[in-house]
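# Examination of the molecular architecture
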Amino acid sequence: MDSLLKLLKKNARLSNSELGVMLGISEQEVAERIEKLENDGIIKGYNTVINEQAAADCGDLVTAYIELKVSPKAQSGFDEIARTVSQYDEVENVWLMSGGYDLGITIKGTNLMDISLFVAQRLAPLEGVLSTATHFVLKKYKDNGIDLSDKIIDERGLVSP
Amino acid sequence: MIDYSRIINKKTRDMKPSGIRKFFDLAQTMENVIALGVGEPNFQTPWPIRRAAITALERGKTFYTANSGLYNLRQSISEYVKDYAKTEYSPDDEIIVTVGGSEAIDLSIRAIVEPGDEVLIVEPCFVCYKPIVELSGGIPVVVETKAEDDFKLTAKALKEKITEKTKALILPFPNNPTGAIMKKEDLAPIAEVLRDMNIIVLSDEIYSELTYGRKHCSIVEFDSMRERTILINGFSKAFAMTGWRLGFLCAPKELVSQILKIHQYGIMSSPTVSQYAAIEALKNCRSDIDMMVDEYNMRRRFCVHGFNEIGLDCFEPEGAFYVFPCIKSTGLSSQEFCEKLLYTKNVAVVPGDAFGECGEGFIRVSYAYSLEHLKKAIRKIGEFVREIKENG
């Protein structure tokens with residue numbers, strides 16, 4: 001991966017001037033390259049990784065992973081149903097999978113019932129959906145490459161040769 | 001009552017505790033210190049290496065190995081050194097697996113230095129060479145490097161210090177604390193000076209993987225230097241394996257067979273589990289080094305820029321994970337600077353003179369820390385420098 005992308009992927013909040021210093025290029029060049037990456041659709045957005053388990057006001061958010069078996073359409077294959085599923089705000093990720101099912105989806109809801117209703121009322125009845133299997137996330141240990149465990153303590157001494 | 005003063009060897013008694021130790025004790029008394037003082041990577045050992053150690057334990061690999069180390073590991077080291085230093089060492093009798101680079105340094109010095117021998121030590125440098133030379137009865141002769149030479153060893157400085165009694169030259173590049181490296185063109189004149197002399201080079205290349213923008217060049221690559229060099233390296237810095245205590249030395253068999261005797265009597269063999277882990281490191285984890293080097297490189301640029309911006313001149317180091325900013329503009333000595341900085345801003349850096357007198361006027365800053373940590377620390381050092389310059 002491009003080194004600018006690597007840096008942004010780890011920390012999207014670095015300023016252009018900081019990025020420039022670290023990459024040995026000018027601030028101006030950083031701005032231009034980011035703009036190009038955005039225009040080319042390579043950078044699609046900037047998210048914040050939130051440890052919902054620790055945040056008081058979203059501690060009861062429930063995440064579920066849903067396996068969807070669908071019958072592909074003659075013309076558009078899996079794309080049409082995947083796009084339809086993507087429309088729902090509750091849906092966070094939609095992936096076409098190899099293996100025993102076709103679409104892998106993650107969704108967020110405020111409680112189990114919420115998600116069950118969504119699957120029963122919104123996903124299952126969609127045309128082409130053959131079956132669903134819902135897995136609830138119990139605990140997250142690592143999210144988007146970031147370790148969510150307690151504060152990491154630097155065990156090295158303060159000063160050493 | 002027993003008289004310990006008559007028990008302890010005079011040379012041991014005369015040994016001074018390192019300047020770093022002193023500073024460590026001071027920092028230890030404070031709370032919430034933002035440290036920039038460590039000489040070890042902030043990465044954990046890559047998981048496959050840790051996994052290999054666990055597997056070795058599960059399989060009961062808990063016995064001594066051959067004195068010079070597992071044959072497989074020596075083979076891997078041989079290939080590795082051939083890759084980076086373009087020089088072949090036989091796994092049979094030209095490689096010893098040691099307890100860290102430190103043991104390799106200790107063994108080498110003890111094997112060659114006799115009372116009265118002069119050993120050239122390129123300063124500023126890692127703290128252990130001088131005391132070990134003195135313990136062997138040798139006379140450390142300092143060869144100073146200077147900021148205006150980017151802290152490189154020059155042939156001129158070297159020649160000035162060579163005498164009839166010179167037995168060895170300790171060549172520590174990439175350098176801790178300055179971050180200086182010796183490029184091919186810098187080493188060529190050094191090799192030229194040494195080529196016809198009866199002087200052994202101890203090339204401490206523990207930071208060889210951590211160079212930026214170019215690959216490390218070893219002195220053994222030069223004509224007739226292999227026969228007069230003990231190459232020292234290890235796993236601590238390259239693979240973030242400091243706590244595993246594993247290093248190695250490579251040298252012609254005439255030297256290795258002698259050095260091995262000290263290792264055999266003093267150590268037996270290096271930790272077995274660590275040796276299995278090291279095989280995995282060399283076989284399958286070389287790409288992890290690239291990832292770490294990329295990270296260090298960005299932080300390095302960030303620090304050089306940061307220090308220059310707050311008014312501390314900082315030359316651009318091309319190796320290791322230290323920057324070595326000059327603090328002379330504050331009017332303080334290195335010790336004063338570091339102590340005041342610690343007391344007023346809770347930031348710990350290491351005074352440059354802990355690495356030799358010519359390090360006076362500089363501080364060693366390690367960038368083996370997260371970017372956020374570095375940012376915060378440099379901001380605080382900036383405040384400190386401004387206050388000193390305004391109020392004296």
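Conventions adopted
- Residues numbered from 1 in each chain as written.
- Chains lettered and ligands numbered in written order.
- Predicted model: local features only at pLDDT ≥ 70, side-chain atom pairs only at ≥ 80, totals over all residues.
- Heavy atoms only, no water.
- Domains from an automatic or database assignment.
- Contact = heavy atoms within 4.5 Å.
- Buried area = accessible area lost by both parts, 1.4 Å probe.
- Salt bridge = Lys/Arg side-chain N within 4 Å of Asp/Glu carboxyl O.
- Polar contact = N/O pair within 3.5 Å; in protein donor to acceptor, adjacent residues only side chain to side chain.
- Helix = DSSP H or I, 4+ residues; strand = E, 2+ residues; numbered from the N terminus.
- Expected span 1.5 Å × (residues − 1).
- Buried < 20%, exposed > 50% of the residue type's maximum accessible area, 1.4 Å probe, protein only.
- Nonpolar A, V, L, I, M, F, W, Y, C, P; charged D, E, K, R; others polar.
- Core = buried A, V, L, I, M, F, W, Y, C linked by side-chain atoms within 4.5 Å.
- Pairing = 2+ DSSP bridges.
- Axes fitted to C-alpha atoms, helices over the stretch in contact; angles between N-to-C directions.
- Right-handed = clockwise from strand over helix to strand, strands pointing away.
- Parallel < 35°, antiparallel > 145°, perpendicular 65-115°, else oblique.
- Left-handed = near helix turned anticlockwise from the far one by under 90°.

### Notes on the domain arrangement of chain B
All names here are of chain B. For chain B, the domain assignment lists domain 1 (4–44 + 287–386) and domain 2 (47–284). If you average the C-alpha positions of domain 1 and of domain 2, the two centres end up 24 Å apart. Each side of the interface is counted separately: domain 1 has 34 residues, and domain 2 has 35 residues. Here domain 1 and domain 2 share an interface that buries about 3,000 Å² over both sides, 65% of which is from carbon and sulfur atoms. On inspection of domain 1 and its partner domain 2, the count reaches two salt bridges. Put simply, lysine 183 and glutamate 318 hold a salt bridge, and the shortest N to O gap is 3.6 Å. Linking domain 1 to domain 2 there are eleven residue pairs in polar contact (both at pLDDT 80 or more). At the level of secondary structure, the elements contributing two or more residues to the side of domain 1 that touches domain 2 comprise helix 2 (10–14), helix 12 (286–309) and strand 9 (322–323).

### Regarding helix 13 (residues 334–345) of chain B
Residue and element names in this part refer to chain B. Given a rise of 1.5 Å per residue, twelve residues ought to cover 16 Å, and the 16 Å separating the end C-alpha atoms of helix 13 matches this to within 8%. Within the sequence span of helix 13, burial applies to Ser334, Gln335, Phe337, Cys338, Leu341, Leu342 and Lys345. Of the surrounding secondary structure, the elements contacted by the buried residues of helix 13 are helix 3 (19–28), strand 10 (347–348), strand 11 (350–351), strand 12 (363–366) and helix 14 (371–391). Directly after helix 13, the chain includes asparagine 346, whose backbone phi takes a positive value near 60°.

### Looking at the interface of chain B and chain A
Residue-level contacts link 31 residues of chain B with 18 residues of chain A. Regarding the contact of chain B and chain A, the summed buried area is about 2,000 Å², with carbon and sulfur atoms giving 62% of it. Along the contact surface separating chain B from chain A lie three salt bridges. With a closest N to O distance of 2.8 Å, lysine 10 of chain A and glutamate 295 of chain B form a salt bridge. The interface formed by chain B and chain A contains 14 residue pairs in polar contact (both at pLDDT 80 or more). Those elements that provide at least two residues to the side of chain B that touches chain A are helix 3, helix 12 and helix 14 of chain B. Here the element with the most residues in the side of chain B that touches chain A is helix 12 of chain B; it accounts for six residues. Residue composition of the side of chain B that touches chain A, grouped by class: 18 nonpolar, six polar and seven charged.

### A look at the nonpolar core
All names here are of chain B. With 99 residues, the main nonpolar core has Leu73, Ile77, Val81, Phe235, Phe239, Phe337 and Ile381 as its most contacted residues. Counting residues per element, this core draws most heavily on helix 12, which supplies nine residues. Apart from the residues within four sequence positions on either side, isoleucine 77 is in contact with Ile95, Val97, Phe235, Phe248, Cys250 and Leu282. If you look at the next biggest cluster of nonpolar residues, it comprises 30 residues, including Val122, Val143, Leu187 and Phe315.

### Focus on the side chain of histidine 216 of chain B
Along the polypeptide, histidine 216 of chain B turns up in the loop between strand 6 (200–204) and strand 7 (229–234). A polar contact of 3.1 Å, which involves the side chain of histidine 216 of chain B, links it to the side chain of glutamate 205 of chain B.

### Considering the sheet that holds strand 2 (residues 95–98) of chain B
Residues and elements named next belong to chain B. Taken in spatial order, the seven strands of this open sheet run 2-8-7-6-5-3-4, and their pairing is mixed. Where the open sheet ends on each side, the last strands, each with one partner, are strand 2 and strand 4 (139–144). Strand after strand, the sheet turns through a mean of 20° between neighbouring axes, direction not considered. Where strand 5 (residues 166–171) meets strand 6, four bridges bridge the pair, whose relative direction is parallel. Paired with isoleucine 170 across the bridge in strand 6 is leucine 202. Most of the contacts of helix 5 (residues 71–85) go to strand 2, to which it runs at about 110°, and overall it touches strand 2, strand 7 and strand 8 (247–250). Against the sheet, helix 10 (residues 253–266) touches strand 2, strand 6, strand 7 and strand 8, its axis set at about 25° to strand 2.

### With respect to the pairing of strand 4 of chain B
Residues and elements named next belong to chain B. Taken together, the six bridges between strand 3 (residues 118–123) and strand 4 define a ladder with parallel strand orientation. The partner of glutamate 123 across the bridge, within strand 4, is glutamate 144. Once the chain exits strand 3 it traverses helix 7 (residues 129–135) before rejoining the sheet at strand 4, and the crossover so formed is right-handed.

### Description of the packing of helix 13 of chain B against helix 14 of chain B
All names here are of chain B. Their axes nearest at 10 Å, the elements helix 13 and helix 14 cross at an angle of 110°. As summarised for this structure, helix 13 and helix 14 are arranged roughly perpendicular, according to the angle between their axes. By crossing handedness, the relation of helix 13 to helix 14 is classed as right-handed. The residues of helix 14 that touch helix 13, namely those facing Phe337, Lys340, Leu341, Thr344 and Lys345, are Lys380, Ile381, Glu383, Phe384, Val385, Glu387 and Ile388. Split into classes, the residues belonging to the contact of helix 13 with helix 14 amount to six nonpolar, one polar and five charged.

### Let's talk about the pattern of salt bridges
Taken as a whole, this structure holds 31 salt bridges over all chains when the rule is applied. Between arginine 21 of chain B and aspartate 25 of chain B there is a salt bridge whose closest N-O contact spans 3.3 Å. In this pair, arginine 21 of chain B and aspartate 25 of chain B are both assigned in helix 3, four residues apart and thus about one turn of the helix distant. Residues glutamate 160 of chain B and lysine 156 of chain B are paired through a salt bridge, measuring 3.3 Å at the closest nitrogen-oxygen approach. Within this pair, glutamate 160 of chain B and its partner lysine 156 of chain B are both found in helix 8 (residues 155–161), separated by four residues, close to a single helical turn. Residues joined by salt bridges that share partners form a network here, namely Glu52, Glu92, Lys108, Lys140 and Asp143 of chain A.

### Regarding the packing of helix 6 (residues 100–112) of chain B against helix 10 of chain B
Residues and elements named next belong to chain B. Packing of helix 6 against helix 10 brings their axes to within 9 Å, and their N-to-C directions diverge by 120°. The angle between helix 6 and helix 10 falls in the class oblique. Of the two elements, helix 6 crosses helix 10, and the hand of that crossing is right-handed. Across from Glu103, Leu107, Ser108, Arg110 and Ala111 in helix 6, the residues of helix 10 making contact are Ile259, Ile262 and His263. Here the contact of helix 6 with helix 10 is built from residues that sort into four nonpolar, two polar and two charged.

### Thoughts on unusual backbone geometry
Residue and element names in this part refer to chain B. Between phenylalanine 173 and the following residue, proline 174, the backbone shows a cis peptide bond with an omega angle of -10°. Inspection of the secondary structure puts proline 174 in the loop between strand 5 and helix 9 (184–194). The amide bond that connects asparagine 176 to the next residue, proline 177, takes the cis arrangement and shows omega of 20°. Mapped onto the elements, proline 177 comes out in the loop between strand 5 and helix 9. Backbone geometry places asparagine 32, a non-glycine residue, at a positive phi of 50°. Looking at the element boundaries, asparagine 32 is found in the loop between helix 3 and strand 1 (34–35). Judged by its relative accessible area of 70%, asparagine 32 is exposed.

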